[in-house]
Amino acid sequence: MWGMTPASSHTGRLLVATPMLTDPNFARSVVLLLDHDEQGALGVVLNHPTPIEVAAVLDGWSALAGRPSVLFQGGPVGLDSALAVAVVPGEPGQAEPLGWRRLHGAIGLVDLEAPPELLAGELGGLRVFAGYAGWSPGQLEAELAEGAWYLVDCEPGDIFCPEPERLWRAVLRRQRGPLAVLATYPDDPTLN
């Protein structure tokens, strides 16, 4: 992992849990990698909505949040903190709006301390996460080598999928070959 180049970074890609990954934090999860370098990796689970409305915890941001307008459990780390992922249309290199920091392509992090009005006209979508998933240096690479995750490309609609409970199957279904077949894998294979 030392000497990782930007080309070997998986930032902006998705981790899709294999059917055999049974850890309750990650079973059938789809994780957007927000950062991946020699220091480790950080991401958010895109398909674990909570029943808590964004309006109940972040004044002013609910109008900008995509449907469903609830907090998502981004992972098991830092559950007492919130982070927001947003898409700002446009090409990298253009002036970035205040309160938003580009991570990969059009995907970036929102400063939730900033007034929501600063970004209201700029965002193509916003999702708020309580907590995140983190991996120490080399840990994610080991999990990938063990076959715990499938690494696939992210599509624009993945981050703001209005039906997050269907995201795991939808991401697998659009892959080629054997991964597409796994979209039909039953929740409990012993019931077949």
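That block above? That's the structure.
Position numbers for residues count from 1 along each chain, tracking the sequence in the order it is written. Local features in a predicted model are, by the rule used here, given only for residues with pLDDT of at least 70; side-chain atom pairs are given and counted only at 80 or more, and totals for whole chains, interfaces and linings are based on all residues. Hydrogens and water molecules were not included; the side-chain quantities draw on all heavy atoms of the structure.

Novice: In this structure, what is going on with the overall build of the protein chain? I would like to understand it.
Specialist: Helix numbers and strand numbers start at the N terminus; a helix is a DSSP run of H or I with at least 4 residues, a strand a run of E with at least 2. Within the protein chain, the secondary structure is distributed over five helices and 10 strands. C-alpha atoms define the radius of gyration in this analysis, and the globule rule sets the expected value at 2.2 Å times the number of residues to the power 0.38. Its C-alpha atoms give the protein chain a radius of gyration of 17 Å, within 12% of the compact-globule value 16 Å for 192 residues. Seen through its C-alpha atoms, the protein chain measures out along the principal axes to roughly 50 × 40 × 30 Å. Residues counted as buried form 46% of the 192 residues belonging to the protein chain. Whether two residues touch is decided by their heavy atoms; if any such pair falls within 4.5 Å, the residues are in contact. A separation of at least 24 residues holds for 65% of the contacts in the protein chain among residues at least 6 apart in sequence. The cut-offs for exposure are 20% and 50% of the maximum accessible area for each residue type, with area from a 1.4 Å probe on protein chains only; residues under the lower value are buried, those over the upper are exposed, and the others partly exposed.

Novice: Can you help me understand the state of the cysteines in this one?
Specialist: Two cysteines whose sulfur atoms are joined by a covalent bond form what is called a disulfide. Defined by distance alone, a disulfide is two cysteine sulfur atoms within 2.5 Å. Evaluation of the coordinates by the stated rule reveals zero disulfides. Cys154 takes part in no disulfide bond, and the closest cysteine sulfur to it belongs to Cys161, at a distance of 11 Å. Residue Cys154 is classed as partly exposed on the basis of its relative accessible area of 22%.

Novice: Any chance you could explain the packing of aromatic side chains here in plain terms?
Specialist: The description of two aromatic rings rests on the distance between their centres and on the angle between their planes. Geometry of aromatic contacts follows a simple scheme: Phe, Tyr and Trp rings, the Trp one being its six-membered ring, pair when their centres are within 6.5 Å, and the pair is stacked under 30 degrees between planes, edge-to-face over 60, tilted otherwise. The final tally for this structure, using the stated rule, is four aromatic pairs. Ring centres of Phe26 and Trp149 lie 5.5 Å apart, and the angle between their planes is 75°; on these two criteria the pair is classed as edge-to-face. With Phe26 in the loop between strand E1 (14-17) and strand E2 (30-37) and Trp149 in strand E10 (residues 149-152), this pair connects stretches of sequence that are 123 residues apart. Take Phe26: its relative accessible area is 12%, and that puts it in the buried class. Ring pairs connect the aromatic residues Phe26, Trp135 and Trp149, which therefore count as one cluster.

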